[in-house]
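Results of the structural survey
Read off the chains here:
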Amino acid sequence: MTGAEIAFVVIGVAAVVGAFRVVTARNVVRAALYLVVTLSAVAGVYLLLAAEFVAWVQILIYVGAIVILFLFGLMLTKAPIGREALDNQRRGVAFLVALSVLGGLIYLIQGAFDWDAARIDPVEGSVAAVGSSIFSRFVLPFEVISFLLLAALIGAIVLSRKEDRP
Amino acid sequence: MVAAESTEALGRAIADPNSFLTNAWLIAFLPAMSALLTLFLGKRTPGKGSVYGIAAVGASLVLSLGVLWTFVGGERGFYEASMPWFQIGQLHLEVGVYVDGLTAVMVVVVTSISLCVHIYSLGYMKGDVRFTWFYTVLSLFTSAMLVVVLANNLFQLLVGWEVMGVCSYLLIGHWWEDHVNSSSAIKAFITTRVGDVPFMFGIFVLISITGFTTSNIPAISDVVSHGGASVALVSAAALLLFGGTIGKSAQFPLHVWLPDAMAGPTPVSALIHAATMVAAGVYLVGRLFFVFTDADPVVLQIVGVVGGITMLGAALMAFVQDDIKRVLAYSTISQLAYMVAGMSMGPAGRTGAFFHLFTHAFFKALLFLGSGVVIHAVHTNNMSEMGGLRSRMPITFWTFLIGSLALAGVPPLAGFWSKDELLVVANEGGHDVMFVVLLLTALLTAFYMTRAVLMTFFGEFRGHGEPHEGPRTMTGVLVALATVTVFVGLLGAPQLGAPFGTWVFFHEIEEALFVPWIAVASTLAALLGIAIGYRLYNTYRERDPIRSLGPAYTVLTNKYYLDDLYWKGIVRPVRDDLSARVYWNDRRIIDGVVNGAASFTKTLGNGVNWFDEKVIDGAVNGLANLAGFTGGLLRYIQSGNVQRYAVFLFAGVVVLAVIFTKI
Amino acid sequence: MIRLPLVLFLSAALFSTGVYGVLARRNAVLVLMSIELMLNAVNINLVAFGAALHDLTGQVFALFVITVAAAEVGIGLAIVILIYRNRATINVDEVNLLKW
C-alpha cells in the first residue's frame, strides 16, 4: 500500500459517496452539488494517474460548464423536490439491475487481472506529448469532434429558440 | 378428266369422242349452276329468276340433242370419263360420266320435259308466293336427275337419287301452309326411303363383289360377267336394287305415295311424278341390267309379278277417281308397271321398256300440263265439277285428246308403238300370262282415259265461274308436246327400221319385229275400251256408273285398304307409341342420369366449399388470429417509458456479457 | 503504484451507480446527470489503462469523451427545455406518447 494508493482510496471513496448521493438525493440542487464532488474527485484520480491535462480539462469542462448547465436546466424547468417526485416506481428493478451490473463487472475484473501483478507505474505525463499526439495521430477524430461540437452548438440554439413565426 | 379403259362386258369405248361427248358433264352441271344463281340472284332478276333455269335447261337440251345426234349417226359404243373424288382404304370414289345410247335418250327426255315445265310454270306459278324458290328447286331437281342418268358409278347415282328425293319432297310441299300438302310430302319422302334402304344395301353388295375397291358400273359389270361373284350374291343384289325401284317408281307395295303427291303444283307432277323421277327406278334396272340377267331367273320373275300386279291394280283404281290428277297418277303407276314388266322379259323387253319410258314421258307430261290448264281455269281438281270445256278451251282439249289417245294406244300415236313392242316381246318370249295382263291393262287404260276426257270436256259445264283458255306460255308448251307425241312413236316403228332400238340395246341390237295380229289385237283392245267408256259416260249421270260395281267399288275407293294397313300397322305404332316410349325413356332415364350426375357434382361442390371455408380458411384465419393475439400481448412491452426500455437494455447487456464470457 | 484492479473497481462502482440513476430517477435532468456519472467511469477506465500501458491514447480518448459529453449535455438540456415548454413537466414517466 503505497501513499498513492492510500490517496487514491480516499479520493475514490469520496467519489463513490458523491455518486451515491447524486442518485439518491431528494433535493435536485443537492444532487447537482454532489455531482460536483464526484467530478472533482475524479479529477483527483486523474492527477494520481499522471494525466494532468485531462484532470484540468475535467475541472474546466465538467465542473465549470456542464454542472452549470445542469443548474440552469434545473432552474428553468422548476424541478420539484421530494422523494416521490424524484424517484420512480421501478426503483427495485433498477437497483437489481445496477447491482447485477456491478456484480458482473467486479467478477470480470477479478478474473482478468492478477491482484498483485497489475500495477500502474505512472510516468511523467506531459501536456506537450498529449498535444502532439492529438495533432498528429488523432487529427482526424479531432476534426470530427470539432464538427460535432459545431453541430451541437447549432442544434442547441435551434432547439431552444422560441417559435416566433407569425 | 381421265378417260377410262374399255370393258368388253358393256361394249367398246368410243375411240374418238366428239365435243358433245367430252362436254357431256355440262348437261348436269348447267342446271346446278342455274339453281345456285336463281337461289342467290333470283329475287333481284326481272322475271323473278325463271330466266336462269330456262336458259340452263335450254342449253342442256341443246347439248343433249347433240349427244343423241352422235348416236343417231350410227355410233354404237360408249364414252366414259371420270375424275377421282376421294379414297377410303381400298375404296375409290369417283365423279364421272358414262354416255351411251341409253344415256343420250334419257338426257334428251329429261331436259326437254324440264324445259317444257320451266316455260309452263311461267304461267302456272305466276304470282306465287315462292316463285323464285320453285324455280331453284326445279333446276336443282333437273340437275340431280341428270346426275343419275349420266353417272358412271353407283355412289354418284345414289347421290343424285337422294337429291331428287329431297327436291320431290320440297316441291310436293311447296304450298306447305296447307297441312295436307306437307303431310303428302312427308309420306312421299318416307315411302321412297323405305325403298332406298334395300337399294343402298344392293349397292354395297355390288361394291363388295369388286372387293370393296370401286363402285364403277363398267367395272362391276366386268367382275360379274367374268363370274367373279356367285349367283346367289348377284341375285341378292338384284332384289335389293329392285327395292329402290319399287319405292321410287311407285310399284306395289310402295305405290301409295304417288297419288298423294298430286298435292303439289301440277308442273311438278308433270315433271317429277310422270316423266322423270319415277322413271329413275326403271332406268336403274335398265342400267344395271347385267345384274338382273346374271342372277337367278326367279329374280326377273319376281320383277314381272310385281309389275303385273301393279299394272292391273293401279288401272282399276283409276276408274273410281274424281280428281283428274289422281286419274293420271294411277295411270302413271300403271304405265311404270308396264316398263317394269318389260324389263322382266329380257334384253328385248328392256329396249321396249325404255321406248315406252321415252314415249310415256312426253304424252304423260302433256296430259298433266293439260290438266293443269284446266285446273287453273276452273279452280278445282274434281271432274264432277267440270264438263263442257271443249268449246271454252279448244287448244287444251285437242292436245289433251291427242295425249289420251296416245296413252290408250291408238295408232299411229306414240303409245301404240311402245305398247305394241312390249306385246310382241311378251309373245315372242313365251310370257303368255304377261301378254294377257298387258292387253287387259291396255283395255282398262283406254277406258278410264275416255271416262276422264268425257267427264272433263264434254257435256254441260257443272262448275262455277267462267273458265277460259290458258295463257300462251302454257298452251304453247301443250302444242309442242302434242306434236312430239304424234311423231315420236315412229322412232320405234319396225317398218321404219326402229332406230330407237339401235340406240338402246343390251349387248346386241334386237331385231324389231312387226307382228300384224298383235298390232290388230292391241288396237282392238284400245278401241273396245274407248267404246265402253263412251257408252257409259257420253251423257253425264249424277251417279257415277262405276258405282254399280258394288263392293268392288268400295274396295277400289279405299285403295285396297293398303293405306289403312300402313297407317294402323306402321305409322301409328311407330309415330305415336314407339316415339312416346322412347321419349319417356329419354326423359326419365337418360335425363335422370344426367341430372343425377349434376346434383351429385353440386353436392360434391358444396362439400368442398364447406371444407374450404371451415377447415382451410379456419386454419388461415386461426394463424392470423394467433399473430394478432400474440401481438396484443407483446404490445404491453411498449410502455412509452424510456427508462423501462433502458432497464431491459442494461439487463440484456449483463446477460449477454455473462454469456459471452462464459462461452 | 496503484493497483489497477482498484481503479477498475472504482470505475465499476461509479458506472453501476450511474445505471441506477438512469433507471430510477424521474427528473430528466437527473437522468442526464447519471449519464455523466457513467461517462466519467468510462473515462477513468481509459486513463487507467493508458497509464498502465504507458500509452497516451487513453488520455487522448478521454479528452474526446469529455468533449462529446459536453456536446451531449448541451443538446440534452435543450431537448429537456423543449419538453418542459411543451408539456410543462420533465417527469420522464409522463413523456410516454409511444405507449401502446
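Given the structure is predicted, the values throughout are model-derived calculations rather than measurements.

What follows concerns the overall build of chain A. Scanning chain A for helices and strands turns up seven helices and one strand. Taken from the N to the C terminus, the helices and strands of chain A come in the order α-α-α-α-α-β-α-α. A burial count over chain A gives 34% of its 166 residues as buried. In chain A, of all internal contacts separated by at least 6 residues, the share reaching a separation of at least 24 is 63%. Accessible surface, chain A as shown: approximately 9,500 Å² in total, 71% of it carbon and sulfur.

The next subject is the pattern of salt bridges. Within the structure shown, the criterion is met by eight salt bridges over all chains. The salt bridge involving E5 of chain A is made with R3 of chain C; its shortest N-O contact spans 3.1 Å. A residue pair is termed interchain when its members come from two chains, as with E5 of chain A in helix α1 (residues 3–24) and R3 of chain C in strand β1 (residues 2–3). Relative accessible area serves as the criterion here: at 11%, R3 of chain C is assigned to the buried category. The shortest N-O distance in the salt bridge between R193 of chain B and E162 of chain B comes to 3.0 Å. On the criterion of sequence distance, the pair formed by R193 of chain B in helix α7 (residues 179–209) and E162 of chain B in helix α6 (residues 154–172) is long-range, its members being 31 residues apart. Connected through salt bridges with shared partners, the residues E162, R193 and D196 of chain B form a single ionic network.

Contact with chain C, which involves 69 residues of that partner, is made by 89 residues of chain A. For the chain C and chain A pair, buried surface summed over both sides reaches about 7,200 Å², with 76% attributable to carbon and sulfur atoms. Interface area lost by chain C to chain A is led by M1, I2 and R3 of chain C, which between them contribute 11%. Put simply, chain C and chain A have one salt bridge between them. The tally of links from chain C across to chain A stands at seven residue pairs in polar contact (both at pLDDT 80 or more). Of all the secondary-structure elements, those providing two or more residues to the side of chain C that touches chain A are β1, α1 (4–24), α2 (28–52) and α3 (57–87) of chain C. Of the residues forming the side of chain C that touches chain A, the biggest block, 24 residues, is contributed by α3 of chain C. Of the residues in the side of chain C that touches chain A, the class split is 50 nonpolar, twelve polar and seven charged. With two bridges joining them, strand β1 (residues 119–120) of chain A and β1 of chain C adopt antiparallel strand pairing. The residue bridging I120 of chain A from the neighbouring strand is I2 of chain C, located in β1 of chain C.

Once that is clear, we can look at the confidence of the model for chain C. Per-residue confidence for chain C gives a mean pLDDT of 90; residues scoring 70 or more make up 100%. Confidence estimates for the predicted assembly give a pTM of 0.63 and an ipTM of 0.90.

Contact residues are listed per partner, giving nine residues for chain B and eight residues for chain A. Both faces considered, chain B and chain A share a buried interface measuring about 660 Å² in area, 66% of it formed by carbon and sulfur atoms. Linking chain B with chain A are zero salt bridges, by the criterion used here. Counting across the chain B and chain A interface gives zero residue pairs in polar contact (both at pLDDT 80 or more). Counted by class, the side of chain B that touches chain A contains four nonpolar, three polar and two charged residues.

About the thresholds
Residues numbered from 1 in each chain as written. Chains lettered and ligands numbered in written order. Predicted model: local features only at pLDDT ≥ 70, side-chain atom pairs only at ≥ 80, totals over all residues. Heavy atoms only, no water. Helix = DSSP H or I, 4+ residues; strand = E, 2+ residues; numbered from the N terminus. Buried < 20%, exposed > 50% of the residue type's maximum accessible area, 1.4 Å probe, protein only. Contact = heavy atoms within 4.5 Å. Areas by Shrake-Rupley, 256 points an atom, 1.4 Å probe, with all protein chains shown as cover. Salt bridge = Lys/Arg side-chain N within 4 Å of Asp/Glu carboxyl O. Buried area = accessible area lost by both parts, 1.4 Å probe. Polar contact = N/O pair within 3.5 Å; in protein donor to acceptor, adjacent residues only side chain to side chain. Nonpolar A, V, L, I, M, F, W, Y, C, P; charged D, E, K, R; others polar. Pairing = 2+ DSSP bridges. pLDDT = per-residue confidence, 0-100.

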